[in-house]
Amino acid sequence: MSSYSDDNLVARFAAMAPEPMHGDWLDVQRRFQARKKRRLVAYGLAAALALLLVGCTAAFGTRVVDFFEAESSPPHVIDFLSVVQTANSYADPSFPGFDPKQTRRVIDEPFAGGTIQLDLTPLRGEGFCLTVRRSSTTTDGDSTDCATPERTKKEVLVLQETDGRTGTGGGVLGKHEGGVVSFIGWVTAPGVQRLELRYEDGRTAAVPFFRVTAPIDADFFLFDVPDANARYPHRVVELAAFDGNGTRLAKNRIVYEDPDEWTFPRYGDHGFPPAANAKAVRVLRFPGVSATIKVAPAKGGVTCFIFHLNASGSDACPRDPPTRQMFRLDENSFFPGPGSGQDHPVLLWGLVESRVRRIELVYQDGARDVTRPQEQFALYEVPVDHYLPGTRLLGATLRAADGRVVRRVSFDPTMRDLYPCENPREIGFGPPVCP
Amino acid sequence: MGTLDAELETLYRRRHGVFHAMLTSVTGDVDSARDVVQEAFAKALRKQGDFRRDGSLEGWVWRIAFRVALDLRGTRELTVDELPEVSFIEPTRDPGLHAAMQALPPQRRLIVFLRYFADLGYEEIAEVLGIAPGTVAATLSQAHAQLGSHLRPEEVTP
């Protein structure tokens, strides 16, 4: 049999290449931000659950909430849901929508000096949206999530994170030994008689739940994982719903990836991975920049770093050329990057070649500046008076000690939504955007 | 590149069209594909701590994208036995290639698409599909042989 050559296939597939099309990164970021917002509120639930369970455990499992007997939700919730509806419709034109005024409050409990409320509103057709609001002395927030018919086809048992560690699908973000510590969710399968949690060590535990009648027609649960099950190898790995015959109706698995010696801890004190020498951490400071870069020597001559500004940033142990390439200073090395809202500086940072001693920066208006790398890290803050179009950063020349050019980098001054602006536009979803 | 966020954004801007076209053939419609691509990149942003940096970023995102697409179809796991069916070759643009590709078994067809349409390397394809690079190479070799029997003789290498 004759073989078809690689070159011929490359040529013929190249002719099939799709036309360039508009892919708006902001849409991706809005999805990301929306999920983060949900997570924020869910975080508040974690602590709330303890009191809820103390006060209501006896009632859960057999408790039935008649939706139409429940009180109407207060105006601020209805207002919030109106925004939610606008945002959902913006993101998804097929979203079925709802009448915010039909929202009912099914839980309103005191907790830790604050309160937790759960409100439900039926979607047009079928399905519902769940709104959780929590306030306390330390945190405030509300979030919503919807069980649309389309989603219900795919997700019968929805398990949401309440501590920011898991994704909606039950996957754990980041790698760490710690597990899910609390969660909230619902089951839309009919006939649920038992919810059972399974731990890594094989033990199981019943999860209390309560039912909300039509038009919601679903079972809801809130659960605080015991401290003894917070860490490997005793963590929560599965939640399953069973009917009266013991038949499993649905399950949701939680997948963990155990840490290795090069994994940075993601929660609590953000330190270095075990492979790094945490006792030899140094802080690199750059003139005019509030952010810093922490570095620590690691096995094999590797230098691990943590670059953080407030709650976000980046860290890595560049052990190989591809990783170093990933963090190389280039045209996209801005932090926090486009679509990050308004209250942040515009930083330029990244790794440079070992022989680079001087980085010359030039702006659209002809202004120039110089920064110097430290231990191959460059970190520079673009001055506020260079945020406006016509004044923005245009390029960088990286020079060696003898003045020779090592590399040049060009920046796109029209990069959308990179620089904060005076009049950002609210679009009802995610952070305000700038032109 | 400064952060993984920026790397993902660059990848999105550069390869959005290919992701979208490829996933259209998996999901069956352009709207779902748009949703899948956006969700895949949003998920990549959320799960960037899971990216080990020992493989390519694009391969990792493709794997996420396929998982999202399969979730949309109600399938949870990405296994070689449940590879998505791809058919993105417009018959009118290249009838010969379309017919030859349709004649390939689904697994072989997907690997050919990932190699030549998505332009992924062997290692990346292996990462996306969770198979060995050697399996990718062997499958492509088989695909070349099978394509050779379908495409025009003058285009067939000896």
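Before any of the text, the structure's been laid out above.
A. Spotlight on the overall build of chain A. For chain A, the count of helices and strands is 5 helices and 25 strands. Sorting the 435 residues of chain A into buried and exposed places 53% on the buried side. A sequence separation of at least 24 residues applies to 58% of the contacts in chain A between residues at least 6 apart. Surface exposure of chain A reaches about 20000 Å², of which carbon and sulfur atoms provide 51%.

B. Spotlight on the pattern of salt bridges. Residues and elements named next belong to chain A. Applying the stated criterion across every chain yields a total of 21 salt bridges over all chains. Of the charged contacts in the structure, one is a salt bridge between Asp145 and Arg151, with a shortest N-O distance of 2.7 Å. Judged by relative accessible area, which is 13%, Arg151 ranks as buried. In this structure, the salt-bridge partner of Arg211 is Asp217, at a minimum N-O distance of 3.1 Å. Among the residues examined, Arg211 registers a relative accessible area of 23% and is labelled partly exposed. Relative accessible area serves as the criterion here: at 42%, Asp217 is assigned to the partly exposed category. Each of Arg105, Asp108 and Asp119 takes part in a single network of salt bridges with overlapping partners.

C. Broad picture of the environment of Leu110 of chain B. All names here are of chain B. Structurally, the position occupied by Leu110 is in helix 5 (residues 106-117). Residue classification places Leu110 among the buried positions, given a relative accessible area of 0%. With 88 residues separating them in the primary sequence, Leu110 and Met22 have C-alpha atoms 9.9 Å apart.

D. A look at the state of the cysteines. All names here are of chain A. On inspection of all chains with the given rule, the structure shows 2 disulfides over all chains. The residue that forms a disulfide with Cys129 is Cys146, at a sulfur-sulfur distance of 2.0 Å. Given an S-S torsion of about 100°, the disulfide between Cys129 and Cys146 has right-handed geometry. With a gap of 17 residues between them, Cys129 in strand 5 (residues 128-135) and Cys146 in strand 6 (residues 140-147) connect regions that are remote in the sequence. Taking relative accessible area as the criterion, Cys129 reaches 0% and is therefore assigned buried. Sulfur-sulfur distance for the disulfide between Cys304 and Cys317 comes to 2.0 Å. Between Cys304 and Cys317, the S-S dihedral sits near 110°, and the bridge is therefore right-handed. Within this pair, whereas Cys304 is found in strand 17 (residues 303-309), its partner Cys317 is found in the loop between strand 18 (312-316) and helix 5 (321-326), the two being separated by 13 residues in sequence. On the basis of relative accessible area, Cys304 is assigned to the buried category, the value being 0%.

E. Layout of the packing of aromatic side chains. Taken as a whole, this structure holds 17 aromatic pairs over all chains when the rule is applied. Site record: aromatic cluster; members linked through ring pairs are Phe305, Phe307, Phe327, Phe335, Trp349 and Phe377 of chain A. Note that Arg194 of chain A overlies the ring of Phe242 of chain A, its terminal NZ or CZ placed 4.3 Å from the centroid. Directly above the aromatic system of Tyr116 of chain B lies the positively charged group of Arg115 of chain B, at a separation of 5.4 Å from the ring centroid.

F. Representation of the packing of helix 6 (residues 122-129) of chain B against helix 7 (residues 133-150) of chain B in the model. Residues and elements named next belong to chain B. Axis separation between helix 6 and helix 7 bottoms out at 8 Å; the angle between their running directions is 110°. It follows from the interaxial angle that helix 6 and helix 7 lie roughly perpendicular. In this structure, helix 6 uses Tyr122, Glu123, Ile125 and Ala126 to contact helix 7, whose residues at the interface are Pro133, Val136, Ala137 and Leu140. Each residue belonging to the contact of helix 6 with helix 7 can be placed in one class, and the counts come to 7 nonpolar, no polar and 1 charged.

G. Here's a closer look at helix 6 of chain B. Taken together, the buried positions of helix 6 of chain B are Glu124, Ile125, Ala126, Val128 and Leu129 of chain B. Along its buried surface, helix 6 of chain B packs onto helix 3 (57-72), helix 5 and helix 7 of chain B.

Rules and cut-offs
Residues numbered from 1 in each chain as written. Chains lettered and ligands numbered in written order. Predicted model: local features only at pLDDT ≥ 70, side-chain atom pairs only at ≥ 80, totals over all residues. Heavy atoms only, no water. Helix = DSSP H or I, 4+ residues; strand = E, 2+ residues; numbered from the N terminus. Buried < 20%, exposed > 50% of the residue type's maximum accessible area, 1.4 Å probe, protein only. Contact = heavy atoms within 4.5 Å. Areas by Shrake-Rupley, 256 points an atom, 1.4 Å probe, with all protein chains shown as cover. Salt bridge = Lys/Arg side-chain N within 4 Å of Asp/Glu carboxyl O. Disulfide = S-S within 2.5 Å. Phe/Tyr/Trp six-rings, centres within 6.5 Å; stacked < 30°, edge-to-face > 60°. Lys NZ or Arg CZ within 6 Å of the ring centre and 35° of its normal. Axes fitted to C-alpha atoms, helices over the stretch in contact; angles between N-to-C directions. Parallel < 35°, antiparallel > 145°, perpendicular 65-115°, else oblique. Nonpolar A, V, L, I, M, F, W, Y, C, P; charged D, E, K, R; others polar.

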